[in-house]
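# An overview of the molecular structure
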Amino acid sequence: MTVEDLGLVPARLSLAATMVTHGLPKVRRETRGETGQFLEQLGFRPGDRWALLVGMAELFAAGSLALGVATRAGALAVLATQGVAVAKVHGRKGFSNMQGGWEFNALVMATAVGVLLAGPGELSVHGLLRRGLDGRARR
């Protein structure tokens, strides 16, 4: 195991936690309507279905990143959802998060790119499956 493998763990877990907090309100029945109304204002119709779809993508990303399985697909889901958020909501407000800009989204997307390029690392389900339960590398 390398220092890089250790470094991927907080990157993956913080990204996963962020995606859970973004995804849960979109899939929960009591908050999905509110999110759906906002999405309809942005041109996504029907809004409640889009909220569910986006929320499911964000929760998929969270699970895959936390476990380190299908990690690159999860990172791509983060890039897709955050890219749309920048294009439709935050981009026109400038960079600063204090004015509702895309600063936070940029940090989330940069982390996702890092995980996308690096993969899950050895401290992951993927790494465990690759090594096997006896600790020997599999081909």
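Our subject in this report is the structure included herewith. (Residues numbered from 1 in each chain as written. Predicted model: local features only at pLDDT ≥ 70, side-chain atom pairs only at ≥ 80, totals over all residues. Heavy atoms only, no water.)

## Considering the pattern of salt bridges
Within the structure shown, the criterion is met by 4 salt bridges. For Arg 130, the salt bridge is made with Glu 122, and the minimal N-O distance between the two is 2.1 Å. Since its relative accessible area comes to 17%, Glu 122 is described here as buried. Sharing partners across several salt bridges, the network here consists of Glu 122, Arg 130 and Arg 131. (Salt bridge = Lys/Arg side-chain N within 4 Å of Asp/Glu carboxyl O. Buried < 20%, exposed > 50% of the residue type's maximum accessible area, 1.4 Å probe, protein only.)

## Focus: unusual backbone geometry
Peptide bonds are, in most cases, trans, and in most cases residues other than glycine have a negative phi. Residue Pro 46 is bonded to the preceding Arg 45 through a cis peptide linkage, with omega at -5°. Looking at the secondary structure, you find Pro 46 in the loop between α2 (29–41) and α3 (47–67). Phi is positive for Ala 70, which is not a glycine, with a value near 55°. By relative accessible area, which is 44% here, Ala 70 ends up partly exposed. (Helix = DSSP H or I, 4+ residues; strand = E, 2+ residues; numbered from the N terminus.)

## Considerations on the nonpolar core
Membership of the largest hydrophobic core comes to 13 residues, with the highest contact counts inside it found for Leu 15, Met 19, Ala 61, Leu 65, Val 78, Val 108 and Ala 112. Looking at which element gives the most residues to this core, the answer is helix α4 (residues 71–90), with 4 residues. Residues within four places of Ala 112 in sequence aside, it is in contact with Leu 15, Ala 75, Val 78 and Leu 79. (Core = buried A, V, L, I, M, F, W, Y, C linked by side-chain atoms within 4.5 Å. Contact = heavy atoms within 4.5 Å.)

## So, α4
Of the residues making up α4, those classed as buried are Thr 71, Gly 74, Ala 75, Ala 77, Val 78, Leu 79, Thr 81, Gln 82, Ala 85, Val 86 and Val 89. Here the buried face of α4 lies against α1 (3–27), α2, α3 and α5 (103–118).

## Points about a nonpolar patch on the surface
A surface patch of nonpolar side chains, amounting to about 340 Å² of accessible area, comprises Leu 67, Val 69, Val 125 and Leu 129. Take Val 69: it is sitting in the loop between α3 and α4. (Patch = residues over 30% accessible without salt bridge, like charges linked within 9 Å, V, L, I, M, F, W, Y side chains within 5 Å. Areas by Shrake-Rupley, 256 points an atom, 1.4 Å probe, with all protein chains shown as cover.)

## Overview of the layout of surface pockets
As a volume, the largest pocket reaches approximately 550 Å³. The wall of the largest pocket is formed by 25 residues, among which Lys 26, Leu 39, Glu 58, Thr 81 and Ala 85 lie closest to the centre. Breaking the lining of the largest pocket down by element, the ones donating at least two residues are α1, α2, α3, α4 and α5. Tallying contributions element by element places α4 first for the lining of the largest pocket, with 8 residues. For the lining of the largest pocket, the class distribution of residues is 14 nonpolar, 7 polar and 4 charged. (1 Å grid on protein atoms, 1.4 Å probe; cavity = no way out; pocket = protein on both sides within 12 Å on 5 of 7 lines; lining within 4 Å. Points joined across faces, edges and corners; volume = space filled by probe spheres on them. Nonpolar A, V, L, I, M, F, W, Y, C, P; charged D, E, K, R; others polar.)

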